[in-house]
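Here are the chains, one letter per residue:
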Amino acid sequence: MALRVEKRFDVPRWMDWGLPLISFALALAVGALLLGLLGVSPLKAYGEMIRGSLGDGYGISETIVKAIPIALCGLAVALAFTMVVWNIGAEGQLVAGALAATAAVRFFPLESPFLMIPLMVLVAAAAGGLWAAFAGWLKARWSVNEIITTLMMNYIAILGLEYFVYGPWRDPMSLGFPLTPTFHDAARLPQLFGTRVHYGLFLALLVAFLLRTALRWSRWGYEIRVIGQNPRAAAYAGMATSHHIVLTLFLSGAIAGLAGMGEVAGLQGRLQPGFSVGYGFTAIIVAWLARLNPFAILVVSFFMGALLVGGDTLQVVMRLPLSSVQVLQGLILFFVLAGEFFRNYKVCLRRREDA
Amino acid sequence: MTASPSLVDLRGITKTFLGVAANDDIDFDVRAGEVHALLGENGAGKSTLMNVLCGLYRPDRGQIFLSGQETAFRTPRDAIAAGIGMVHQHFMLIPVQTVWENMILGQDGFGFVLSKKAICRRIGELADQYGLHVDPEVPVWQLSVGEQQRVAILRMLFSEAKVLILDEPTAVLTPQEARQLFATLRRMREEGHGVVFISHKLDEVAEISDRVTILRKGRKINTVRTSGVGPEELAEMMIGSRVVPAVNKRAAVTGETVFRAQELSVLNDKDLPALEGLSLELRRGEILGLAGVDGNGQTELCEALVGLRRLQSGRIFFNEREMTGASVRDFLGDDIRYIPADRRGTGLVPTMNLRENYVLRHYWREAFRKGPFMNWEAVAGQTGRVTERFDVVTPSLGVPVRMLSGGNLQKLMLARELDGNPRVVVAMQPTWGLDVGATAFVRERLLEAREKGAAVLLVSEDLEELLALSDRLAVIHKGRIMGLLEDPRRATEETLGLMMAGRPLTSPKEGD
Amino acid sequence: MKKGLLLSLVIAFAVCFAGSAQAFEAVAPEDLKVGWVYIGPVGDGGWTYMHDKGRVAMEEAFPGVTSSIVESVPEGPDSARVMETFVRNGAKVIFATSFGYMDFVQDVAKKYPDTIFLHCSGFKRAENVGTYFGRMYQARYLSGLVAGSMTKNNVIGFVAAHPIPEVIRGINAFTLGARKVNPDVKVKVVWLFSWFDPGKEKEAAKALIDAGADVIGMHADTGSAPQAAEEAGVYVVGYNNDMSKYAPTKHLTAPIWDWGAYYKYTIGKVIDGTWESDDIWWGLKEGFVDLAPFADDVPQDVRDLVAAERARIVDGQWDVFHGPVKNQKGEVVVPEGTAMTDADMLSMNWFVEGVEGEMPK
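Just so it is clear, the structure is predicted and the values come from calculations on it, not from any experiment. (Residues numbered from 1 in each chain as written. Chains lettered and ligands numbered in written order. Predicted model: local features only at pLDDT ≥ 70, side-chain atom pairs only at ≥ 80, totals over all residues.)

Per the secondary structure count, chain C includes 11 helices and 16 strands. The globule rule puts the C-alpha radius of gyration for 361 residues at 21 Å, and the 20 Å found for chain C is close to it. The principal-axis extents of the C-alpha atoms in chain C amount to approximately 60 × 45 × 40 Å. Per-residue burial over chain C gives 55% buried out of 361 residues. (Helix = DSSP H or I, 4+ residues; strand = E, 2+ residues; numbered from the N terminus. Rg over C-alpha atoms; globule rule 2.2 N^0.38 Å. Buried ≥ 20, exposed ≤ 12 C-beta atoms within 10 Å, placed from the backbone.)

Turning our attention to the pairing of strand 4 (residues 116-120) of chain C. Two faces belong to every sheet, and in a regular strand the side chains alternate between them. Residue and element names in this part refer to chain C. With 5 of 5 residues buried, strand 4 lies mostly within the body of the structure. Both faces of strand 4 are covered, namely the face carrying Ile116, Leu118 and Cys120 and the face carrying Phe117 and His119. With 4 bridges joining them, strand 3 (residues 93-96) and strand 4 adopt parallel strand pairing. Within strand 4, the position partnered with Val93 by the bridge is Ile116. Following the backbone out of strand 3, through helix 4 (residues 102-111) and into the adjacent parallel strand 4, one traces a crossover that is right-handed. Where strand 4 meets strand 5 (residues 129-134), 4 bridges bridge the pair, whose relative direction is parallel. Paired with Phe117 across the strands is Val129, a residue of strand 5. (Pairing = 2+ DSSP bridges. Right-handed = clockwise from strand over helix to strand, strands pointing away.)

Moving on, we get to the domain arrangement of chain C. Residues and elements named next belong to chain C. Per the domain assignment, the segments of chain C are domain 1 (7-134 + 258-282) and domain 2 (136-254 + 292-356). For domain 1 versus domain 2, the separation of C-alpha centres amounts to 29 Å. Counting residues per element, the side of domain 1 that touches domain 2 draws most heavily on helix 2 (residues 47-61), which supplies 4 residues. (Domains from an automatic or database assignment.)

So, about the interface of chain B and chain A. Between chain B and chain A, the contact holds 20 residues from the first and 14 residues from the second. For the side of chain B that touches chain A, the secondary structure elements donating two or more residues are helix 10 (328-333), helix 11 (343-347) and strand 18 (373-374) of chain B. Classifying every residue of the side of chain B that touches chain A by side-chain character gives 12 nonpolar, 5 polar and 3 charged. (Contact = placed C-beta atoms within 7 Å. Nonpolar A, V, L, I, M, F, W, Y, C, P; charged D, E, K, R; others polar.)

Every contact between the two is made by 32 residues of chain C and, on the other side, 26 residues of chain A. Among the secondary structure elements, those contributing two or more residues to the side of chain C that touches chain A are strand 2 (66-70) and helix 3 (77-88) of chain C. When residues in the side of chain C that touches chain A are grouped by element, the largest group, 7 residues, is from helix 3 of chain C. Its residues assigned to classes, the side of chain C that touches chain A comprises 16 nonpolar, 10 polar and 6 charged.

On to the domain arrangement of chain B. Residues and elements named next belong to chain B. Taken domain by domain, chain B consists of domain 1 (6-239) and domain 2 (257-500). For domain 1 versus domain 2, the separation of C-alpha centres amounts to 36 Å. Facing the 13 residues of domain 1 at the interface are 12 residues of domain 2. Class assignment for the residues of the side of domain 1 that touches domain 2 results in 5 nonpolar, 3 polar and 5 charged.

All names here are of chain B. Ordered in space as 16-19-20-13-21-22, the 6 strands form an open sheet in which the pairing is mixed. The outermost strands of the open sheet, each flanked by one partner alone, are strand 16 (336-339) and strand 22 (480-485). Geometrically, the sheet is characterised by an average inter-axis angle of 20° between neighbouring strands, direction not taken into account. Here strand 16 runs beside strand 19 (residues 424-428); their pairing, made up of 4 bridges, is parallel. The residue of strand 19 that forms the bridge with Ile336 is Val424. Against the sheet, helix 9 (residues 298-305) engages strand 13 (287-291), strand 16, strand 19, strand 20 (455-459) and strand 21 (472-477), with an angle of about 155° to strand 19. Of the strands in this sheet, strand 16 and strand 19 are in contact with helix 14 (residues 406-418), which crosses strand 16 at around 170°. (Axes fitted to C-alpha atoms, helices over the stretch in contact; angles between N-to-C directions.)

Okay, here's the thing in structure tokens:
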């Protein structure tokens, strides 16, 4: 007997929602085993995790706060992935957006929030977009692999951020600490109902809606889907692939740039290093788990946010070390991603034909 | 010539994929000191047979004898150990490593400590012996394609292969490099190696091989001494006998020339010349057939004619209007349509549904747009109408087209390309791989387009089809037209075979 | 003196103390939950490890008090959530152990006026927010004396986390110490732009050794630089805690923290109900900072010199940044006979003479 892996020609419908659920349950089961070994009641631990992230208004609000940048970056990379352009640089584009928004506050501090915030949105989107579009141009013009360029440009953006906060933009009142001055009130994104959920939420919802509409209904969306799924057919249909690579990466980067603006204007009110904790990378997993569907990205981001927020509660209440919390989070992701494998392949037993 | 002993002998090899016999009861042997050509069209089963020989596939039935001893290869390593080496079209070298490092890759028989000096010395000896000069210190990626092939061959000699299989080795080479390769092959023959030379190029087979085995549709047609047959005979064996099937074809009402290609020169994907000054004219209401052995520039010609491939030189006219350098969209706008041979790879998007595939070449038209949005309602309506007219069988218009059968895929593509009022239709291998019913359907539609006044260029490897449908018939060889027959029905096998083997038509109006 | 610390800054930043300071009621140890927000993992063998040792010392001193921790909290909006999670799970006192949490401490403290927040190394206070830090520069100065005595090339390398006043002050004190015994010493600085990055720390140390340094000093959170020094066979001055286990034969000494002293002091006051917002900046005298045991290689005369200098600092007659102090260009910044103010020390952003390295601008 031998195990064989075969590609599925046809994916049963129930798998779309059934597989993630089964994977999730399996992850919890294995996690429970580990928790048991640590001498912790798994039920209580899971209960705490849910209570901390979804148990009350505060937990939910914090989960949403965490989900906003993940969702925006997820939408950003999903757009590029739809065209099978691997934008691994959402992190850098997010930083570029945050830098541009900070620059807007520094050099054009408008009094009215109705002018200031649109200006910040605009420059953040433009900066993130240009950051990504440069990689797109290199790909379109010289066939430079965008995985490498977008990845490397992350580091350039992060080093640029450090240059500004340690150097010319450092708050003179910060005693030499790397912080920009706090933004004036007009440059703060309003927060909702006394929570930290800021207007970036509406940006994420709006972008998801626009993306869904554009991909499904617009000619542009049709074109980039064709380019992604069969570039030769796209050439055969007379589509301008190079042009689309640059434009799509621009839009992708622009969305990530919005995430950066949301973080500085919605949460921090100033720029400081390390404000992004790898949202641009988390976004890649999120986009895949959501199968690039914009609405599913919102849901998966929320789930991701809950996982991260719930992890804090585990440390605080159950007094578990961070590493065990990370193992638990890793297990869940691992199982859900592994479930994807069974969606695309089936494993069957086969008798060997010969001895 | 007395036959020298067989190094390896395949008997009754049968290998089936998904119910289709890629090899059906094939015998094949390689003797010491010979170049044995394996000739056949794409899909004839050449690669399958050789993959059996080099241990990649295991045959469903049949035996392999090594110097008279029956044996079975479980893995390519077994075959290599038995002295059988294959140089694939993709050389399977590690680009970042140097030539000498590639030599020892995956080979046993080296101690823990490698003697680079000894390896390089051996490379030098082999290079001198076989004329395969290459610097052992250079990383492979810095080498030209021809040099990389030399490294791949050297690697086989290095592992002391007695039987060398070369899979279409000249496809990637310039003529000069090909000449060098042939010199190497002759040396190998002198040294007593057995060489298998896979090709579908008749002139090369005639030049280099001692014997030739012809495969067609998974079956062996014959094994003959090369010196005993002419290229035209080989072509005939490769392509098959011609029985003109009955096609209900009305007499041509041929009109004026609508489409003209002048002196086209284009490169293939490997940047080697594919067309060299080719000229062609299409007339209103006719089917111009284009015969030729696959790989002689047909794909590149079709792509050049519809704006998909850049011209190195030459000009294209539609109704006396110059189209040289125009975009795909310009050609489409003039209703110049194209049915590519590669349905799943080029002609359709397998993961998309019927509506999205129907509109692939029309999506920019006014009828299917609403401002920046697609008018999917209009698309659905039109897709419904044409799929019905073209008899596409599908559970719904919303299923991905990869679920459709080959025949239905082709019908869908025809529905798209022949919809409306096509003025020029370039159709490449439109019936390839289809069953009898679908084939007949496709042929009828092409005739219908012709009757409606379209100028059709039909590229096919199927001579029967060409003879049945064409009003005029041209033969292509190495990117040039070998001749144009004004009345294909009166063409003889010899004439066609000669032209396909690369001999130009002597009397310009044969058949008149 | 401590109360007057940073007066100007308090005015500029801190939330105003309206009227009398708020009194926090006494609590029974059994009812007291304390939370720690850590910048790195407890296993970093340095900064966070020492805080956690201090936490454990506090737990031992006050049986009944519950403490919990969250590790590796980034200096961003996430830290606010962590602190709030502590509060919502009953914590009465929260220690935030990194500078970058400052704004977020303020935000959360405003929301929960009944909870006490203590922020390490920051400068913003409120009625329920105190700050604490140690005069590490004093211990660094002493370790500089040792480093300056042991170098033969007169080149000392320094692996430095971030170009912020805390680190700069330490480098300056270390350099002043080294040059006191050996005026030819140069201190070469490499910036990491990270507190916790074992790989980078090791690489930086190696680079400095390649550049000729035969003693390595450091301000980073892990034992990677000492490991690199041990492997290369050069001396190293650790940081945070006795790092001799990372460099068993080459670890000269290390300026170290004893956070337990402060944590016990503060929790004691909370239990008594006597805690008020304060700004703690303790030094050698209070035992907040100290030196790890010397390596065998350190000669007796150096040990004696260190002891003498320590005595001068502890009894208050002299401190590290007493004039004359020159900057890199050789200009006198602190004239003879004057002492640098705490405010100037806390915002130090220039190097003293003898440091080779640039401030990122």
